[in-house]
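# Structure assessment
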Amino acid sequence: MVHPLKFRSVISQQLAAMIAAILIAGAAGSAQAQPADPQITSNPSGKLQTVTPNGQIDTNNPFFKSFGTNGRSCDSCHRQAQGWSMSPDELRQRFNSTGGHDPVFALVDGANSPLADVSSVYARRVAYSMMLNRGVVRVGMPMPANAEFRLTAVDDPYGYASAHDMSLFRRPLPSTNLIWLTAVMWDGRETHMSFLPPMDAGINHEDVIESLASQAHDAIMGHEQAAVEPSAAVIDQIVDFEVHLFTAQLVDEDAGKLNGGSAMGGANILAQQRFWVGINDTLGNDPTGDVFDEKAMRLFDEWNDPNAQHSHDPRERARGSIARGEQLFNTLPIMISGVGGLNDAIGQPVITGTCSTCHNSPNIGNHSVALPINIGISDASRRTMDMPLYTLTNVSTGQVVKTTDPGLAMRTGKWADIGKFKGPILRGVAARAPYFHNGSAATLNDVVDFYDTRFNIHMNTQQKRDLAAFLAAL
Ligand code: HEC
Ligand code: HEC
């Protein structure tokens, strides 16, 4: 069992120290008003802010150094300006300026197939097309031993994937805002738990650190193709660096400063967010006994203004749109059905919920417990021709499922876990398109359209626009 109160106090002590440091750093920063603030980066919808208690992002940290044989560092795939993930636009620039020789373009997992021809610029452009078009990495994994299913057919456009090495094309998750993770990696495979693991429980702070240490080790051995094990000191420094990063959008092109007018956007306020495993749990498992409050997002309450829509001031209109989007996120009814890990888990074929039913961590937006679920992103029906498609057959029932990525089932071998992924933290999303584990939604509008179709919500154009404007302000 988790002992949440203990962990809460650990986290809150840590946070208090961080907040103090950030406030001091913030005061110093504004007094000097430096022209190029290293905390701030630009993105298509405005400016992203990353703060850290030391006041500056230490680019001498081993996070930015290569420990392997292919020249990559964590920074090859986790870039501050792209919300500590990576983006197709920026990857194309890197490709063009190096002729496809930047270390991120490595056969091992950067290419569509590790056997691809990379002998010319043209060949490299073809070989790395998934990375260049979708910003995804090929996560190679063997079929789990003793699984409840067998791989009975493979349709891999790149002619490589097999039961020994399945190609799962996945987006780098952001290496920031990590102290609030309740599962590490899309399928939770790096989640370390010091207590007996019920698969859907969250993890405590010590476990987050342990998980991230193991994750960093595996990234150096895998993505960086290291020949020798990294030292414990290197791992400690990387983890210490990444768990002290807090990232959020600070400025919106149209609405201006997201912490202006008593709003609560930006990374400094985010760093003070209270959190514990199970906070605001949808299914009533908040260890404090508090009941679920669907108003999980409360950053832009102060911008609620029924007259904003008719204002002559474009900034007021933009603020109004973000505030309406936040209300929609919290309150627009969604008939949630067919979600494996949720509807079946509680025996309710339809749950009347909202976006915040699943994105319930207050002002953070992930699940406050691990809750791996299947919302259908890797379903055969959504497969595009650039993705491999796998046919899985249930060993005992003969049932067949086609999927582009079995998700959690690659870890557990369980039929019921096919297609289950975690819901990521939603802060700083504007900087890190495309979205979902496979990058299938190119923009936040596409994300909103996905939900509108998947759950038959029937949002009107204005609602869609407001919801996307809100997401971009996170
Ligand atoms: C080749 C690109 C690449 C490199 C290099 C890389 N990563 Fe990642 N990272 C990814 C991908 C892809 C994922 C998601 C994979 C998955 O979930 O299956 C990921 C996931 C993560 C996560 C999980 C975050 C979460 O929300 O669960 C962390 C933390 C992370 N990486 C840190 C690092 C660190 C630290 C390094 C350097 C030691 C590193 N990464 C190097 C691509 C990369
Ligand atoms: C039934 C649970 C559920 C509901 C309801 C839900 N989400 Fe999600 N959300 C998820 C999961 C799970 C993922 C990750 C899925 C994947 O990539 O396979 C996700 C991913 C996302 C992402 C992409 C994040 C990223 O980094 O790629 C955004 C943005 C998002 N959701 C916004 C919303 C909005 C807006 C709504 C309401 C219209 C909503 N979600 C409703 C579970 C849910």
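Just so we're clear, the structure is a prediction, and the values are computed from it rather than from any experiment. (Residues numbered from 1 in each chain as written. Chains lettered and ligands numbered in written order. Predicted model: local features only at pLDDT ≥ 70, side-chain atom pairs only at ≥ 80, totals over all residues. Heavy atoms only, no water.)

Our next topic: the overall build of the protein. If you tally the helices and strands in the protein, you get 13 helices and 11 strands. A compact globule built from 474 residues should have a C-alpha radius of gyration of about 23 Å, and the protein, at 22 Å, falls within 12% of that. Taken along the three principal axes of its C-alpha coordinates, the protein extends 55 × 50 × 45 Å. Taken over 474 residues, the protein has a buried fraction of 57%. If you take every contact in the protein between residues at least 6 apart in sequence, the share linking residues at least 24 apart comes to 66%. (Helix = DSSP H or I, 4+ residues; strand = E, 2+ residues; numbered from the N terminus. Rg over C-alpha atoms; globule rule 2.2 N^0.38 Å. Buried < 20%, exposed > 50% of the residue type's maximum accessible area, 1.4 Å probe, protein only. Contact = heavy atoms within 4.5 Å.)

With that settled, the discussion passes to the coordination of the iron atom of ligand 2. Coordination of the iron atom of ligand 2 by the protein involves His-359 (NE2) and Tyr-451 (OH), with metal-donor separations of 1.9 to 2.0 Å. Here the iron atom of ligand 2 is ringed by six donor atoms whose angles at the metal span 83 to 180°, and the overall shape comes out octahedral. With His-359 in the loop between α10 (355-358) and β10 (389-394) and Tyr-451 in helix α12 (residues 444-454), the pair connects residues that are 92 residues apart, well separated along the chain. Each member of the pair, His-359 together with Tyr-451, is buried. (Donors = N, O, S within 2.8 Å, 3.2 Å for Na, K, Ca; no water. Tetrahedral: all angles 85-135°; square planar, octahedral: opposite > 155°, others 65-115°.)

Six octahedrally arranged donors around a metal ideally form angles of 90 or 180 degrees; four tetrahedrally arranged donors ideally form angles of 109.5 degrees. Coordination of the iron atom of ligand 1 by the protein involves just one donor, His-78 (NE2), at a distance of 2.1 Å. Along the chain, His-78 turns up in the loop between β2 (46-51) and α2 (88-98).

Cis rather than trans, the peptide bond between Ala-433 and Pro-434 has omega equal to -5°. If you trace the backbone, Pro-434 turns up in the loop between α11 (409-412) and α12. Notably, Met-185 is not glycine yet its phi reads approximately 85°, a positive angle. Residue placement: Met-185 occurs in the loop between β5 (166-170) and α5 (205-221). If you check the backbone angles, Phe-436 has positive phi at about 75° while not being a glycine. Residue position: Phe-436 is located in the loop between α11 and α12.

Around ligand 2, a shell composed of 25 residues is seen, among which Cys-355, Cys-358, His-359, His-437 and Tyr-451 lie nearest. Between ligand 2 and the protein, one listed contact pairs a nitrogen atom with a side-chain N or O atom of His-359 at 2.8 Å. Interatomic distance of 2.8 Å between a side-chain N/O atom of Arg-432 and an oxygen atom of ligand 2. Listing elements by their share of the shell around ligand 2, those giving two or more residues are β8 (334-337), α10, α12 and α13 (461-472). Along the lines of polarity and charge, the residues of the shell around ligand 2 split into 19 nonpolar, four polar and two charged. (Near = heavy atom within 4 Å. Polar contact = N/O pair within 3.5 Å; in protein donor to acceptor, adjacent residues only side chain to side chain. Nonpolar A, V, L, I, M, F, W, Y, C, P; charged D, E, K, R; others polar.)

Strand-to-strand pairing in sheets goes through backbone hydrogen bonds, with the strands running parallel or antiparallel. The strand order across the open sheet formed by three strands is β4-β10-β11, and the pairing between neighbours is antiparallel. Two strands bound the open sheet, and with one partner strand each, they are β4 (149-155) and β11 (400-403). Strand-to-strand, the axes of this sheet are offset by a mean angle of 25°, without reference to chain direction. As judged from the six bridges shared by β4 and β10, these two strands associate in the antiparallel manner. Opposite Phe-149, over in β10, you have Asn-394 as the bridge partner. (Pairing = 2+ DSSP bridges. Axes fitted to C-alpha atoms, helices over the stretch in contact; angles between N-to-C directions.)

The environment of ligand 1 is made up of 28 residues, and the closest members are Cys-74, Cys-77, His-78, Met-185 and Lys-422. Arg-170 has a polar side-chain atom sitting 2.8 Å from an oxygen atom of ligand 1. The side chain of Lys-422 places a nitrogen or oxygen atom 2.7 Å from an oxygen atom of ligand 1. Counting only elements with at least two residues in the shell around ligand 1, the list comes to β3 (137-141), α5 and α6 (232-243). A per-element tally of the shell around ligand 1 places α5 first, with five residues. Residues belonging to the shell around ligand 1 are distributed by class as follows: 17 nonpolar, four polar and seven charged.

By secondary structure assignment, the location of Leu-283 is in the loop between α7 (267-270) and α8 (314-331). Among the residues examined, Leu-283 registers a relative accessible area of 41% and is labelled partly exposed. In this structure the C-alpha to C-alpha distance between Leu-283 and Glu-206, which are 77 residues apart in sequence, comes to 25 Å.

On β8, burial follows the alternation: Ile-334 and Ile-336 on one face are buried, whereas Met-335 and Ser-337 on the facing-out side are not. Examined bridge by bridge, β8 and strand β9 (residues 350-353) share four bridges and lie antiparallel to one another. Bridging across to β9, Met-335 finds its partner in Thr-352.

Moving on to α5. Helix length check: α5, at 17 residues, gives a terminal C-alpha distance of 25 Å against a target of 24 Å (1.5 Å per residue), a fit within 8%. Looking only at α5, the buried set comprises His-205, Asp-207, Val-208, Ser-211, Leu-212, Gln-215, Ala-216, Ala-219 and Ile-220. (Expected span 1.5 Å × (residues − 1).)

Read from one edge of the open sheet, four strands run β1-β2-β6-β7, paired in antiparallel fashion. If you trace the sheet from one side to the other, it starts and ends with β1 (40-43) and β7 (256-257), each paired once. Pairing analysis gives six bridges linking β2 to strand β6 (residues 246-252), with the strands arranged antiparallel. Bridge assignment links Leu-48 to a residue of β6, and that residue is Gln-249.

Attention now goes to the packing of α5 against α6. Between α5 and α6, whose axes approach to 9 Å, the crossing angle comes to 120°. Judged on the interaxial angle alone, α6 and α5 are oblique. Like other packed secondary-structure pairs, α5 and α6 cross with a definite hand, here right-handed. Note on element contacts: α6 touches α5 through Val-234, Ile-235, Ile-238, Val-239, Glu-242 and Val-243, opposite Ile-209, Leu-212, Ala-213, Ala-216, His-217 and Ile-220. Broken down by class, the residue content of the contact of α5 with α6 amounts to 10 nonpolar, one polar and one charged. (Parallel < 35°, antiparallel > 145°, perpendicular 65-115°, else oblique. Left-handed = near helix turned anticlockwise from the far one by under 90°.)

What follows concerns the environment of Glu-229. Residue placement: Glu-229 occurs in the loop between α5 and α6. What makes Glu-229 exposed here is its relative accessible area of 53%. Expressed as a C-alpha distance, the spacing of Glu-229 and Gly-68, which sit 161 residues apart in the sequence, is 9.2 Å. Aside from chain neighbours lying at most four places away, what touches Glu-229 is His-217 and Met-221. A polar side-chain atom of Glu-229 sits 2.5 Å from a polar atom in the side chain of His-217.

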